[in-house]
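Residue-level listing of the chains:
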Amino acid sequence: MNKWECTICDYVYREEYGEDKKNVKPGTLWTDVPEDFRCPSCGTEKGQFYEESMAKILKHRRH
Ligand SMILES: [Zn+2]
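Note that this is a predicted model, so its numbers are computed, not measured.

Draft legend 1. Expanded view of the sheet that holds strand β1 (residues 3-6). Reading across the sheet, the 3 strands line up as β2-β1-β3 and stay open at both edges, with antiparallel pairing between neighbours. Lying at the two open borders of the sheet, with one neighbouring strand each, are β2 (12-14) and β3 (49-51). With direction set aside, neighbouring strand axes in the sheet form an average angle of 30°. Two strands pair when backbone bridges link them, and β1 and β3 are joined in this way by 3 bridges, in the antiparallel orientation.

So, in structure tokens, the structure goes:
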């Protein structure tokens, strides 16, 4: 299962655990997460999430 990281803050969505706060069940693949999903921490859109390793690269570039 993959991890998807918000590129605005440090929140990580883990497919293994889902997201209780957003009613996303454990084991939900990122592709099956609703398009209107927002980061529970900063409220950013689903489109701003990247696979963890990619998110790290993108964030690193910004600094
Ligand atoms: Zn965020």
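Text resumes after the structure shown.
Draft legend 2. The nonpolar core, seen in detail. Formed by Trp-4, Cys-6, Tyr-13, Cys-39 and Phe-49, the largest nonpolar core amounts to 5 residues. Excluding residues that lie within four positions of it along the chain, Cys-6 makes contacts with Tyr-11, Cys-39, Ser-41, Cys-42, Thr-44, Gln-48 and Phe-49.

Draft legend 3. Quick peek at the pairing of β1. In this structure, β1 lies alongside β2, joined through 3 bridges in antiparallel fashion. Within β2, the residue paired with Trp-4 across the bridge is Tyr-13. As consecutive antiparallel partners, β1 and β2 are separated by 5 residues.

Quick notes on the rules
Residues numbered from 1 in each chain as written. Predicted model: local features only at pLDDT ≥ 70, side-chain atom pairs only at ≥ 80, totals over all residues. Pairing = 2+ DSSP bridges. Helix = DSSP H or I, 4+ residues; strand = E, 2+ residues; numbered from the N terminus. Axes fitted to C-alpha atoms, helices over the stretch in contact; angles between N-to-C directions. Core = buried A, V, L, I, M, F, W, Y, C linked by C-beta atoms within 7 Å. Buried ≥ 20, exposed ≤ 12 C-beta atoms within 10 Å, placed from the backbone. Contact = placed C-beta atoms within 7 Å.

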